[in-house]
Amino acid sequence: MPDNESRRVSVIDSHTGGEPTRLVVKGGPDLGDGSLADRLARFRSDNDSFRSAVVNEPRGSDVMVGGLLCAPVDSCCAAGVIFFNNVGYLGMCGHGTIGLIATLAYLKRISPGEHRIETPVGVVSAVLHENGEVTVTNVASYRSAANVAAQVPGYGQIHGDVAWGGNWFFLVHDHKMELALKNVAELTSFTWAIRQALREHGVAGADGKEIDHVELFGPSQLPGVDSKNFVLCPGKAYDRSPCGTGTSAKLACLHADGKLREGQIWRQESIVGSVFEGSISVRDGKVYPSIKGSAFVNAEAELVLDPRDPLCMGIRS
């Protein structure tokens, strides 16, 4: 393609419980062969400007999560996907996987039933139900540290669990915040301060991996719903959905505390009122969470990457 010719990228937008997903279905970078983890590494090192162009302003927003549809290595998988956001890349994305399945159904590439999806952190399975709901069975999730204390400037000492649900989370036990949309600015400031404190004090996930998600919990006012959460994502945007990987981390912690048995349903409300239904299965001593939710396609578009545009590749902080 000549240097002065516009590049066109086909995307389909959806939202899962209010959280947007933009899936690149055509026009993405050629990442070659190999595992999804290898291709993610090439994406990060050689094509990071494309990530920014798709999800950052002026085309996207801080809350937008992107997904690059990839050919899977395993022919038994329906698709491969690499998820990314305004500041980087995600190992797994629960709401995004629900959005991916809804999008593949919209494109008539899949029908109701079980489908395997390759991600950079492993293969997950997803069931497309006849009514359009999707159940994603996540990668093995676990708690790596319990009741960790952290001194947060301006807020005092808090305690929480460090857990993996496809991304690293700090799940806060004790706080005095009201989880309500009217308090989003204060909740964001509080959870961002927690993240900075964790980094400063060396609180990390396995192998020193940075904890880039912070999750607060409180009571839900919805009948039959067990909990309400607020999740701060890596780029300082909050998750509008109940967060698939965050709910997975919560389920792993509940099981570790003996508060959730195999097959028991846990309903998690988001800050905007949407609900995921979670449960776990245990195989070979490992906890595999399943998350059920709904996604809706709300746009088809062709992004135009015009090399004359000085902000063509997005506004990056």
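Residues numbered from 1 in each chain as written. Predicted model: local features only at pLDDT ≥ 70, side-chain atom pairs only at ≥ 80, totals over all residues. Heavy atoms only, no water.

K.L.:
For this particular structure, what's the right way to read helix α5 (residues 244–256)?
P.N.:
Because each turn of an α-helix spans 3.6 residues, side chains separated by three or four positions in sequence point in the same direction. Its 13 residues give α5 an end-to-end C-alpha distance of 18 Å, which sits within 8% of 18 Å, the value for a rise of 1.5 Å per residue. Counting buried positions along α5 yields 11 of 13 residues, so the element is predominantly enclosed. Within the sequence span of α5, burial applies to Gly-244, Thr-245, Gly-246, Thr-247, Ser-248, Ala-249, Lys-250, Leu-251, Ala-252, Cys-253 and Leu-254. Gly-258 sits one or two positions beyond α5 and adopts a positive phi of about 75°. (Helix = DSSP H or I, 4+ residues; strand = E, 2+ residues; numbered from the N terminus. Expected span 1.5 Å × (residues − 1). Buried < 20%, exposed > 50% of the residue type's maximum accessible area, 1.4 Å probe, protein only.)

K.L.:
Would you explain the pairing of strand β1 (residues 7–16) in this entry?
P.N.:
Two faces belong to every sheet, and in a regular strand the side chains alternate between them. Across the 10 residues that make up β1, a large majority, 7, are buried. As paired elements, β1 and strand β17 (residues 295–305) share 10 bridges and run antiparallel to each other. Residue pairing for β17: Thr-16 is matched across the bridge by Ala-295. In this structure, β1 lies alongside strand β2 (residues 19–26), joined through 7 bridges in antiparallel fashion. When the bridges of β2 are listed, His-15 appears paired with Pro-20. Where β1 hands over to β2, the hairpin turn is made up of 2 residues, of which Gly-17 adopts a positive phi near 60°. (Pairing = 2+ DSSP bridges.)

K.L.:
Sorry if this is basic, but what is going on with the side chain of Asn-167 here?
P.N.:
Tracing the backbone through its elements, the reader meets Asn-167 in the loop between β10 (156–164) and β11 (168–172). A polar side-chain atom of Asn-167 sits 2.8 Å from the main-chain carbonyl oxygen of Met-92. Residues in contact with Asn-167, not counting those within four places in the same chain, are Leu-90, Gly-91, Met-92, His-213 and Thr-245. (Polar contact = N/O pair within 3.5 Å; in protein donor to acceptor, adjacent residues only side chain to side chain. Contact = heavy atoms within 4.5 Å.)

K.L.:
So what exactly am I meant to see when it comes to the side chain of Arg-195 here?
P.N.:
Relative to the helices and strands, Arg-195 is located in helix α4 (residues 184–200). Overall, Arg-195 belongs to the buried group, its relative accessible area being 7%. A distance of 3.0 Å separates polar atoms of two side chains, one belonging to Arg-195 and the other to Glu-210.

Fair warning: the whole summary comes from geometry, so function is off the table for now.
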